[in-house]
Amino acid sequence: MQIPKEIVIIGDGYAAAVMAMHLLRKGIAGDAMTIIGPRVAGKGNAYGCANPFFRLNIREDLPTIFSEDPLHFARWAKDHTNDPDAKTGAGSFYRRRDFGSYVVQLLHDTQGAPEIEHVLAKVKQLRPESGHWTIALDDGSQLSANRVIIATGNAPPVWPCAVSSSAQSSERLVENPWPGDYLERIRPDDHVILLGGGLTALDAISALVGQGHRGMVSVISPRAIFPPVQALWKRCNQPQMPKNLSPRGLVCFMRHYLPKMPADSPEWQSAWEELRPHLNEVWQQFSAHDRRTLLKRVGWVWSLYRFRASPQTIAAYAYLQTRNQVQFALGRAKHITHLEEKIRVQMSSGTELVGDRIINCTGVGSDPLTNELIASGLVASDALLQSIAVNTDFRVMNPEQEPYANLWMIGPATMGSLGDVVASSAIAKQAEQLAGQITE
Ligand SMILES: Cc1cc2nc3c(=O)[nH]c(=O)nc-3n(C[C@H](O)[C@H](O)[C@H](O)COP(=O)(O)OP(=O)(O)OC[C@H]3O[C@@H](n4cnc5c(N)ncnc54)[C@H](O)[C@@H]3O)c2cc1C
């Protein structure tokens, strides 16, 4: 039988890299750690993109990895990037690929990191066995571990409706646009259909403008609105959150706290950001039912204002607007067909939209590993029934709602349990806290 690995991190993205860095800084030896994932550790789905027009949606002082040095990335970016377009009136918004290089380099330069074992594979299954975990990989091999941290992150988007396509369709139907490599195949006069109206659609718009696109861009979305542009906000006040808020009470309190100003004004965004650090505690007090109801009722408003766009991206959208080159097609896609060189989208309204390419910008998909763990009855679902339940120590819960002693999860998939934990700084904070607990 194999000797169990000491600590295995499943996933090779940003969360895995910051987890490894914080464990090393707390004194865990590199050779006690194994990272499992198919690519270089640190980039993942968000920062593994090559496209120069995909930018961070936060200014340079916000992606904090080390709580004691919040400006570490800002200094690194100044010295290591050649990106004159990063600077805006709302701060510097760097390329995501540069942030990926920063994370990779930071991990590489952390003492002990070269000794970390990296297994280039994906985990298919995880099973408890005599006090440790048996991990089955997609290459057919197996290993075992004393302690496991799941950091599988954001599962790539999947089509939200039926698609009839052929083997030749992959050029024209892009199911996962996050890597950004589809853009070089788009011809300048193509009519491009973007399915979804969030930050991924804005990434596509920014890149299309950057490469001189002349064709029409249609955005399929239930609402003709994009997230607002980031302003130069600053937290100045501490809101006094009332105790024992109900979901309705929370919405009322937030409405009352936010100034009657446009959502792209620094005043409005400052107030919003003053509220944000308090929301996870409130969220964690809500019942599972309340969390689901809140998400159903105001989830889209939350996503709209929470995930604001970089000024460069919004400038690209405004440029297309001045040229009448962008339009919203209101509603939802019901069926996509690729026929005779054209993409045809049947809309829920009964109309049809015809274009040359369609890009799926509908957001995070579903994680096969966490789904498998839930389906096998080993772990509990979170309140949103979208991922695994964890407690506030990031311990994965079993179906009896008891925490496992040697299985944790960090990253955006802990949102249903812990709240707003999607951004890079929130994930780094989780990693820092968990490293502290593991080494206590
Ligand atoms: C397109 C995009 C842009 C973003 N932009 C920003 C931004 O500008 N600023 C910000 O603060 N946040 C941004 N985010 C939010 C993001 O949640 C975090 O910043 C962070 O990247 C999440 O890291 P992660 O490692 O948890 O997930 P991911 O980056 O998704 O990485 C997970 C990794 O795990 C691997 N993996 C998955 N399943 C398995 C398995 N079974 N076995 C082994 N490996 C597996 C995947 O291949 C992947 O590489 C963005 C997210 C996305 C998707």
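Residues numbered from 1 in each chain as written. Predicted model: local features only at pLDDT ≥ 70, side-chain atom pairs only at ≥ 80, totals over all residues. Heavy atoms only, no water.

## Some thoughts on the pairing of strand E6 (residues 123–129)
The following threshold applies: Here, a strand pair is defined by DSSP locating no fewer than two bridges between the strands. By the criteria applied, helices consist of DSSP H or I runs no shorter than four residues and strands consist of E runs no shorter than two, each listed in order from the N terminus.
Direction of pairing for E6 relative to strand E7 (residues 132–137): antiparallel, over a ladder of six bridges. When the sheet's bridge partners are listed, Leu126 is paired in E7 with Ile135. Linking E6 back to E7 in an antiparallel pair, the connection comprises two residues, with Ser130 at a positive phi of about 40 degrees.

## A closer look at the nonpolar core
Selection criterion: We call a set of buried residues a nonpolar core when its members are Ala, Val, Leu, Ile, Met, Phe, Trp, Tyr or Cys and they connect through side-chain atoms within 4.5 Å of each other. Buried residues are those whose accessible area, probed at 1.4 Å on protein chains only, stays under 20% of the maximum for their type, while exposed residues exceed 50% and partly exposed ones sit between those limits. Any two residues whose heavy atoms approach within 4.5 Å at even a single point are treated as in contact.
In this structure, Ile9, Leu23, Ile135, Val148 and Ile149 are the most contacted members of the largest nonpolar core, which totals 71 residues. The element contributing the most residues to this core is helix H1 (residues 14–25), with ten residues. Leave out the neighbours within four places in its chain, and Ile9 touches Ala16, Met19, Ala20, Leu23, Met33, Thr34, Ile35, Ile36, Ile149 and Ala151. Judged by nonpolar contacts, the second largest core, of 26 residues, contains Leu194, Ala204, Val219 and Ile314.

## Concerning the pattern of salt bridges
Rule in force here: Whenever Lys or Arg places a side-chain nitrogen within 4 Å of a carboxyl oxygen from Asp or Glu, that contact is recorded as a salt bridge.
Applying the stated rule across the entire model yields 21 salt bridges. Measuring nitrogen to oxygen at the nearest pair gives 2.9 Å for the salt bridge that ties Arg306 to Asp420. Of the two residues, Arg306 is situated in helix H8 (residues 288–306) and Asp420 in the loop between helix H11 (415–418) and helix H12 (424–439); the sequence distance between them amounts to 114 residues. Like Arg306, the residue Asp420 is buried in the burial classification. Here the salt bridges share partners, and the residues they tie into one network are Arg235, Glu273, Arg276, Arg306, Arg308 and Asp420.

## Describing the environment of Leu23
Residue placement: Leu23 occurs in helix H1. Linking Leu23 and Gly436, residues 413 residues apart in sequence, is a C-alpha distance of 7.9 Å. In this structure Leu23 touches Ile7, Ile9, Ile28, Met33, Ile149, Ala435 and Ile438, once residues within four positions along its chain are discounted.

## Observations concerning the domain arrangement of the protein chain
How big an interface is tends to be reported as the loss of accessible area on association of its parts. Put simply, the rule is: By convention here, the domain bounds are inherited from an automatic or database domain assignment. As a working definition, buried area equals the accessible area (1.4 Å probe) given up by two parts on being put together, with both sides summed. Each residue receives one of three labels: charged for Asp, Glu, Lys and Arg, nonpolar for Ala, Val, Leu, Ile, Met, Phe, Trp, Tyr, Cys and Pro, and polar for the others, Gly being one of them.
Each assigned domain of the protein chain is listed with its residue range as follows: domain 1 (5–155 + 365–439), domain 2 (162–228 + 308–360) and domain 3 (247–306). Each of domain 2 and domain 3 has a C-alpha centre, and these two points are 29 Å apart. In this complex, domain 2 contributes six residues to the contact, which on the side of domain 3 involves nine residues. When the buried area of domain 2 at its contact with domain 3 is split by residue, Arg223, Pro228 and Arg308 rank highest and sum to 82% of it. Across the contact surface, domain 2 and domain 3 share one salt bridge. Its salt-bridge partner being Glu273, residue Arg308 comes within 2.9 Å of it at the nearest N-O pair. Looking at the side of domain 2 that touches domain 3 residue by residue, the classes come out as four nonpolar, no polar and two charged.

## Re the packing of helix H3 (residues 72–80) against helix H4 (residues 96–109)
Worth spelling out the cut-off: Here an axis means a line fitted to C-alpha atoms, over the contact stretch when the element is a helix, while the angle between two N-to-C directions is reported on a 0 to 180 degree scale. Oblique is the label for every angle not falling under 35 degrees (roughly parallel), over 145 degrees (roughly antiparallel), or within 65 to 115 degrees (roughly perpendicular).
Look at H3 against H4: their axes get within 11 Å of each other, and the N-to-C directions meet at 110 degrees. When the axes of H3 and H4 are compared, the pair comes out roughly perpendicular. Residues His72, Phe73, Trp76 and His80 of H3 form the contact with H4, whose own contacting residues are Asp98, Phe99, Ser101, Tyr102, Gln105 and Leu106. Tallied by class, the residues present in the contact of H3 with H4 amount to five nonpolar, four polar and one charged.

## Description of the site of the ligand
The test is simple: Residues are counted as near a molecule or strand when any one of their heavy atoms sits within 4 Å of it. For this analysis, a polar contact is any N or O atom pair within 3.5 Å, provided that within protein one partner can donate a hydrogen and the other can accept it, and provided that sequence-adjacent residues contribute only side-chain to side-chain pairs. The Shrake-Rupley method, run with a 1.4 Å probe sphere, supplies the accessible areas, and residue values consider only the shown protein chains as cover.
If you check the shell around the ligand, you find 32 residues, and the closest are Asp12, Ala15, Asn45, Tyr47 and Val123. A distance of 3.0 Å separates an oxygen atom of the ligand from a polar side-chain atom of Asn57. At 2.9 Å from an oxygen atom of the ligand is found a main-chain nitrogen or oxygen belonging to Val422. Compared with its free state, where it exposes 990 Å², the ligand has 92% of that area covered by protein. Of all elements in the fold, only H1, helix H2 (44–47) and H12 reach the threshold of two or more residues within the shell around the ligand. Looking at which element gives the most residues to the shell around the ligand, the answer is H2, with four residues. Across the shell around the ligand, the residue classes tally to 18 nonpolar, ten polar and four charged.

## As for unusual backbone geometry
Positioned with a positive phi, Asn244 is a non-glycine residue whose angle comes to about 50 degrees. Secondary-structure assignment places Asn244 in the loop between strand E12 (217–221) and helix H6 (247–257). For Glu341, which is not a glycine, the phi torsion comes out positive at approximately 70 degrees. With respect to the helices, strands and loops of the structure, Glu341 is situated in the loop between strand E14 (333–339) and strand E15 (342–347). Taking relative accessible area as the criterion, Glu341 reaches 51% and is therefore assigned exposed.

## Describing the environment of Pro239
Tracing the backbone shows Pro239 in the loop between E12 and H6. In this structure the C-alpha to C-alpha distance between Pro239 and Pro177, which are 62 residues apart in sequence, comes to 39 Å.

## What about the packing of aromatic side chains?
Convention followed: We call Phe, Tyr and Trp rings a pair once their centres come within 6.5 Å, taking the six-membered ring for Trp, and we label the pair stacked below 30 degrees between planes, edge-to-face above 60, and tilted otherwise. We call a charge positioned over a ring when the NZ of a Lys or the CZ of an Arg lies within 6 Å of the ring centre and within 35 degrees of the ring normal.
The final tally for this structure, using the stated rule, is 17 aromatic pairs. Arranged with centres 4.8 Å apart and planes meeting at 75 degrees, the rings of Tyr47 and Phe99 form a pair that is edge-to-face. Placement of Tyr47 in helix H2 and of Phe99 in helix H4 is noted, with a sequence separation of 52 residues between them. Each member of the aromatic cluster is reached from another via a ring pair, and the members are Tyr14, Tyr47, Phe73, Trp76, Tyr94, Phe99 and Tyr102. When the ring centre of Trp233 is taken as reference, the NZ or CZ atom of Arg59 above it lies at 4.6 Å. Over the ring of Trp300 we find Arg223; its NZ or CZ atom is 3.7 Å from the centre of that ring.

## Digging into the sheet that holds strand E9 (residues 162–164)
With respect to topology, four strands assemble into an open sheet ordered E9-E14-E15-E16, the strand pairing being mixed. Both edges of this open sheet fall to E9 and strand E16 (352–355), since each of them pairs with a single strand only. Along the sheet, successive strands turn relative to each other by an average axial angle of 15 degrees, direction set aside. Bridging between E15 and E16 involves four bridges; their strand directions are antiparallel. Along E16, the bridge assignment pairs Ile343 with Gly355.

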